[in-house]
2 protein chains.
Amino acid sequence: MGRMKGIRGFLIDLDGGLYVGDTAIEGAHEAIELLRIQKYRFRFVSNTTRKCRRTIVERLSDMGFVISEEEVITPPVAANAYVKNTGKEHCYLLVTGDAERDFEQAYSCNDGEGIDCVIIGDAGDSITYNRLNTAFRHLMKGAELIALEKDRYWMAPDGLSLSAGPFVTALEFATGKKATIIGKPSEAFFDRALYEIGLSPGQVAMIGDDIVTDVAGANRVGMKSILVRTGKYRKDAVNNSVIKPTYCIDSLAHLPEIL
Amino acid sequence: MGRMKGIRGFLIDLDGGLYVGDTAIEGAHEAIELLRIQKYRFRFVSNTTRKCRRTIVERLSDMGFVISEEEVITPPVAANAYVKNTGKEHCYLLVTGDAERDFEQAYSCNDGEGIDCVIIGDAGDSITYNRLNTAFRHLMKGAELIALEKDRYWMAPDGLSLSAGPFVTALEFATGKKATIIGKPSEAFFDRALYEIGLSPGQVAMIGDDIVTDVAGANRVGMKSILVRTGKYRKDAVNNSVIKPTYCIDSLAHLPEIL
């Protein structure tokens, strides 16, 4: 139990950590309840770039979790903080779904002047030549390129589909600029989560199912990491990796055992 | 004059070499006429990926040049030859304009099975998420990625605009594949031109205004090169380059002087 000494808070990955598909991990409700009772701090984190906090919280509510919007941190939330902290004011958004609701100060405008950052997420059908070209022109005029993620593709219901990564790469190639990546496992993401939870890296453990985005990302900023054997966890991927979590537990339900 | 010894044919760059904008280079008509009279072989080459041969020839005709379609070699023409020579049969085309007329055997089909190559050119508004994703899925099933060019951007009438390069890069990033580049200065392009002109590299000189795509590309395959001081020629770019043309002449009109 010594390895959790000094831990006062947790970042908990949503998809694969708290639930899989539309189903809560068995015992997850009780584990979260115990954290609340024992006064641990925690935030829920996700790399989704298509949904706003409200939509995520409503979905969690359908699964029986009573979680507030402030307890959820996603790339749009982290990007919004990054935009504010770096003094930027006018964003050109290339996102889809209702994610743009989380960009309170940002606005999207095809003909806008004074755009100082381009934010690109997994934008799906919102990607058109015209919108990419508009983003490109803003970048050539000095705007910063901010990527909510840089994944290659994801498994959509109808087959493999391009994520934001290819389009981020396209804009990097066209402009010669390098994107600032905001989602996990970037430091920007964990820095924001630590700021919101109000603890130092040594006081927080990241709980998730991904050896790279969760475990390696957390370890790099000095956090402890707990790999759960749910969601996308595969034994081989972990055994073949040089990345080692602080703990490995069968599921979130087993968290109380190592507190 | 010794450096042109053994030269029996020429590749002549269209835009910047034979004309600029909509205007023929002064003296170009006479130079071409002289080549015909003296029985030199020649082909006109261009990196345009939007126009089919017929359209190019009609435009040349408007400028007073009587040139046949067979005398014009563009990336679509070279790609078509590449597709045939490598035994491919079913292409997925991502091009715009009337360039697809030059892909005689190829066809574009969003739901097609058995696509064995994806050909991407400067496709402008024809680029949509859905079409890129379809191309991506064909590539993941084994199709080869063929790029008509890999430029970053070009100067459209309304401002800088993305060329094919960013989208080629996007598909390379998504699939982990490397595109086969077909336009100048690729070897595939010059190989095709040499095949069509029916001469060996040492018998042909490339005439053009671009130190990289024309001069370096030609030199690399063993051809001689003649840089013309028209079109995009800039003295600085040439002086600062390690690439050296065999000859430098003021314009195509001066070609007869070095024959």
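Structural notes, computed from the coordinates. (Residues numbered from 1 in each chain as written. Chains lettered and ligands numbered in written order. Predicted model: local features only at pLDDT ≥ 70, side-chain atom pairs only at ≥ 80, totals over all residues. Heavy atoms only, no water.)

Attention now goes to the sheet that holds strand β13 (residues 224–228) of chain B. All names here are of chain B. In space, the six strands of this open sheet follow the order β5-β4-β1-β12-β13-β14, with parallel pairing throughout. Of all strands in the sheet, those bounded by a partner on one side alone are β5 (72–73) and β14 (247–249). Pairing of strand β1 (residues 9–13) with strand β4 (residues 41–45) involves five bridges; the strand directions are parallel. Considered in β4, the bridge of Gly-9 is made with Arg-41. Lying over the sheet, helix α1 (residues 28–37) contacts β1 and β4, oriented at roughly 145° with respect to β4. Along the sheet, helix α7 (residues 211–220) makes contact with β1, β12 (204–208) and β13, crossing β13 at roughly 165°. (Pairing = 2+ DSSP bridges. Helix = DSSP H or I, 4+ residues; strand = E, 2+ residues; numbered from the N terminus. Contact = heavy atoms within 4.5 Å. Axes fitted to C-alpha atoms, helices over the stretch in contact; angles between N-to-C directions.)

Below, the discussion takes up the sheet that holds strand β14 (residues 247–249) of chain A. Residue and element names in this part refer to chain A. With parallel pairing, six strands are arranged side by side in an open sheet as β5-β4-β1-β12-β13-β14. In this open sheet, the two strands that pair with only one neighbour each are β5 (72–73) and β14. Sitting on the sheet, helix α7 (residues 211–220) is in contact with β1 (9–13), β12 (204–208) and β13 (224–228), with an inclination near 165° to β13.

In this section: a negative patch on the surface. All names here are of chain A. Among the surface-exposed residues, Glu-58, Asp-62, Glu-69 and Glu-70 lie close enough to one another that they form a single negatively charged patch. Examined against the element boundaries, Glu-69 turns out to sit in the loop between α2 (53–62) and β5. Residue Glu-69 is classed as partly exposed on the basis of its relative accessible area of 30%. (Patch = residues over 30% accessible without salt bridge, like charges linked within 9 Å, V, L, I, M, F, W, Y side chains within 5 Å. Areas by Shrake-Rupley, 256 points an atom, 1.4 Å probe, with all protein chains shown as cover. Salt bridge = Lys/Arg side-chain N within 4 Å of Asp/Glu carboxyl O. Lys, Arg positive; Asp, Glu negative; His and termini not counted. Charge placed at Lys NZ, Arg CZ, Asp CG, Glu CD. Buried < 20%, exposed > 50% of the residue type's maximum accessible area, 1.4 Å probe, protein only.)

With that settled, the discussion passes to the pattern of salt bridges. For side chains bearing opposite charge, pairing can occur when the charged atoms are close. Tallied over the entire structure, the rule returns 24 salt bridges over all chains. The salt bridge partner of Glu196(A) is Arg192(A), with a shortest N-O separation of 3.1 Å. One end of the pair, Glu196(A), and the other, Arg192(A), are both in helix α6 (residues 187–197), four residues apart, so they sit about a helical turn from each other. Between Glu172(B) and Lys150(B) there is a salt bridge, with the nearest N and O atoms lying 3.0 Å from each other. Of this pair, Glu172(B) sits in helix α5 (residues 164–175) while Lys150(B) sits in the loop between β8 (144–147) and β9 (153–156), and the two are 22 residues apart along the sequence.

Attention now goes to the environment of Pro201(A). Residues and elements named next belong to chain A. Within the element layout of this structure, Pro-201 appears in the loop between α6 and β12. As for Pro-201 and Arg-152, which are separated by 49 residues in sequence, their C-alpha atoms are 29 Å apart. Setting aside residues up to four positions removed in sequence, Pro-201 forms contacts with Leu-194, Val-221, Gly-222 and Met-223.

Residue and element names in this part refer to chain A. The element helix α3 (residues 75–85) is largely enclosed, with a buried count of eight among its 11 residues. Among the residues of α3, those classed as buried are Pro-75, Pro-76, Val-77, Ala-78, Ala-79, Asn-80, Ala-81 and Val-83. Buried positions along α3 lie against α2, β5, β6 (91–94), β7 (117–120), β8 (144–147) and α6.

Scanning the entire structure with this criterion turns up 10 aromatic pairs over all chains. When the ring of Tyr153(A) is compared with that of Phe136(B), the centres are 5.4 Å apart and the planes differ by 40°; the resulting orientation is tilted. Placement of Tyr153(A) in strand β9 (residues 153–156) and of Phe136(B) in helix α4 (residues 129–140) is noted, with the two residues assigned to different chains. Ring geometry for Phe10(B) against Tyr40(B): centres 5.4 Å apart, planes inclined by 55°, an arrangement best described as tilted. With Phe10(B) in strand β1 and Tyr40(B) in the loop between α1 and β4, this residue pair connects regions lying 30 residues apart in the sequence. A relative accessible area of 0% places Phe10(B) in the buried class. (Phe/Tyr/Trp six-rings, centres within 6.5 Å; stacked < 30°, edge-to-face > 60°.)

Within the secondary structure layout, Thr230(A) lies in the loop between β13 and α8 (235–239). With sequence-adjacent residues up to four places away left out, Thr230(A) is seen in contact with Gly16(A), Gly17(A), Ile25(A), Asp209(A), Asp250(A) and Ser251(A).

Turning next to the interface of chain B and chain A. Put simply, an interface is often sized by how much accessible area is lost when its parts join up. In this complex, chain B contributes 29 residues to the contact, which on the side of chain A involves 29 residues. For the pair chain B and chain A, the interface holds two salt bridges. Arg137(A) is the salt-bridge partner of Asp158(B), the closest N and O atoms lying 3.1 Å from each other. Summed over the shared surface of chain B and chain A, the result is 16 residue pairs in polar contact (both at pLDDT 80 or more). Of all elements in the fold, only α4, β9, β10 (159–162) and α5 of chain B reach the threshold of two or more residues within the side of chain B that touches chain A. Counting residues per element, the side of chain B that touches chain A draws most heavily on α5(B), at eight residues. (Polar contact = N/O pair within 3.5 Å; in protein donor to acceptor, adjacent residues only side chain to side chain.)

All names here are of chain B. Position of Thr-213 relative to the elements: it lies in helix α7. Among the residues examined, Thr-213 registers a relative accessible area of 18% and is labelled buried. In this structure Thr-213 touches Lys-184, Pro-185 and Phe-190, once residues within four positions along its chain are discounted.

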